[in-house]
Amino acid sequence: MKLNYLFSTFTYSTSIELLVTELEKSGVASEQILAVPLERYDDNQSVFDTDFSDDGKSLLDLAGVFGAIFMLLGVIYGLVFYWGPVIWGLMGLVFGLAFGFSIEFFYKKKGASKRMGKAEKEFVIIIHIEDFLAEQAVNIMNSHGAKGIGRIER
């Protein structure tokens, strides 16, 4: 008789309790089910992404766009203004970088404070199960909104 280990992740909801109940009704003993809540750590907001951690939360994206736009406008209108296109282009670049950075910083800070109370808790459910019940357990987990399911046969 082959044994399977099923690993699945879920976002916390009442569906997890219903899942465990349905698994027990299908013949899986409660000793074979392990539910582990994952702790959520602070999402430290970085100023820019690195080669090794690209989380898509960089604060320099909008700053670069606004910096380029205001620099271009500074160079164009600098042809008419007194200090010339180079100085006005640099001033536009600095203003655009500061403006874009501040917009993104305060927008993401506001979004993070809204999410603080609504942080999604996640669970990992590990099931040690006989081979003939594995496919039925996978179907039950899929019907209860599993984010992903891994399977190891031993």
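Conventions used here
The numbering scheme is per chain: residues are counted from 1 as the chain's sequence reads. Since the coordinates come from a predicted model, pLDDT governs what is reported: local features require at least 70, and pairs of side-chain atoms require 80 or more to be given and counted, while whole-chain, interface and lining totals use all residues. For the side-chain quantities, the full set of heavy atoms in the structure was used; hydrogens and water were omitted. Whether two strands pair depends on DSSP finding at least two bridges between them. By the criteria applied, helices consist of DSSP H or I runs no shorter than four residues and strands consist of E runs no shorter than two, each listed in order from the N terminus. For helices, the axis comes from a line fit to the C-alpha atoms of the stretch in contact; other axes are also lines fit to C-alpha atoms, and the angle between any two N-to-C directions lies between 0 and 180 degrees. Note on contacts: a residue pair qualifies if any of its non-hydrogen atoms lie within 4.5 Å across the two residues. Any carboxyl oxygen of Asp or Glu that lies within 4 Å of a side-chain nitrogen of Lys or Arg is treated as forming a salt bridge with it. We call a residue buried when its accessible area falls under 20% of the maximum for its residue type, exposed when it is over 50%, and partly exposed in between, using a 1.4 Å probe and counting protein chains only. In predicted models, pLDDT denotes the confidence assigned by the predictor to each residue on a 0 to 100 scale. The scheme is simple: roughly parallel for angles under 35 degrees, roughly antiparallel for over 145, roughly perpendicular for 65 to 115, oblique for anything else. Left-handed is the label given to a crossing in which the near helix is rotated counterclockwise from the far helix by less than a right angle, and right-handed is the label when the rotation is clockwise. Pairing of aromatic rings covers Phe, Tyr and Trp, the last through its six-membered ring, and needs centres within 6.5 Å; plane angles under 30 degrees mean stacked, over 60 mean edge-to-face, and all others mean tilted. Whenever two N or O atoms come within 3.5 Å, that pair is a polar contact, provided that in protein one can donate a hydrogen and the other can accept it, and provided that, for residues adjacent in sequence, both atoms are side-chain atoms.

Asks: Even after reading the chapter, I still don't get the sheet that holds strand β4 (residues 148–153), so can you show me in this structure?
Replies: In sheet architecture, strand pairing relies on hydrogen bonds along the backbone and comes in two forms, parallel and antiparallel. Within the open sheet, the 4 strands sit side by side as β2-β3-β1-β4. Their pairing is antiparallel. The open sheet has two edge strands, β2 (33–38) and β4, and neither has a second partner. For this sheet, the mean angle separating the axes of adjacent strands, direction not counted, is 15°. Examined bridge by bridge, β2 and strand β3 (residues 122–130) share 6 bridges and lie antiparallel to one another. Bridge assignment links Leu38 to a residue of β3, and that residue is Glu122. Set on the sheet, helix α4 (residues 131–143) makes contact with β1 (3–11), β3 and β4; between it and β3 the angle comes to about 155°.

Asks: Which parts of the structure should I look at to understand the pattern of salt bridges?
Replies: Side chains carrying opposite charge are able to pair once their charged atoms draw close together. Summed over all chains, the structure comprises 3 salt bridges. Two residues, Lys2 and Glu153, come together in a salt bridge whose shortest N-O distance is 3.6 Å. One end of the pair, Lys2, is in the segment before β1; the other, Glu153, is in strand β4, with 151 residues separating them in the sequence. You can call Glu153 partly exposed: its relative accessible area is 44%. Notably, a salt bridge pairs Glu135 with Arg151, separated by 3.2 Å at the nearest N-O pair. Here the residue Glu135 occupies a position in helix α4, and Arg151 occupies one in strand β4, the gap between them amounting to 16 residues. Overall, Arg151 belongs to the partly exposed group, its relative accessible area being 36%.

Asks: I keep staring at the confidence of the model for the chain and nothing clicks. Help me out?
Replies: Close inspection of predicted coordinates is inappropriate in any region flagged by low pLDDT. Here the chain averages 83 in pLDDT, and 82% of its residues register 70 or above. The secondary-structure element of the chain with the lowest mean pLDDT is helix α3 (residues 85–116), recorded at 84, while helix α2 (residues 61–78) shows the highest, at 93.

Asks: For this particular structure, what's the right way to read the packing of helix α1 (residues 14–25) against α4?
Replies: Axes are the key here: two packed helices are described by the angle between their axes and the distance separating the axes. Interaxial distance between α1 and α4 falls to 10 Å at its minimum, and their mutual angle equals 160°. On the basis of their axis angle, the class for α1 and α4 is roughly antiparallel. The two elements α1 and α4 cross, and the hand of that crossing is right-handed. Contact residues: Leu19, Glu22 and Leu23 in α1; Ala137, Ile140 and Met141 in α4.

Asks: Mind showing me how you'd approach the packing of aromatic side chains here?
Replies: The description of an aromatic ring pair rests on the distance of the ring centres and on the angle between the ring planes. Evaluated as defined, the whole model comprises 10 aromatic pairs. Taken together, a centroid distance of 5.2 Å and an interplanar angle of 65° make the contact between Phe66 and Phe99 edge-to-face. Taken as a pair, Phe66 in helix α2 and Phe99 in helix α3 lie far apart in primary sequence, 33 residues in all. Note on Phe66: relative accessible area 21%, which makes it partly exposed. The class of Phe99 is partly exposed, set by a relative accessible area of 33%. When the ring of Phe105 is compared with that of Phe106, the centres are 5.3 Å apart and the planes differ by 75°; the resulting orientation is edge-to-face.

Asks: Even after reading the chapter, I still don't get the side chain of Asn4, so can you show me in this structure?
Replies: Checked against the element boundaries, Asn4 lands in strand β1. Here Asp131 takes part through its side chain, which lies 3.0 Å from a polar atom of the side chain of Asn4. Apart from the residues within four sequence positions on either side, Asn4 is in contact with Ile127, His128, Ile129, Glu130, Asp131, Ala134, Arg151, Ile152 and Glu153.

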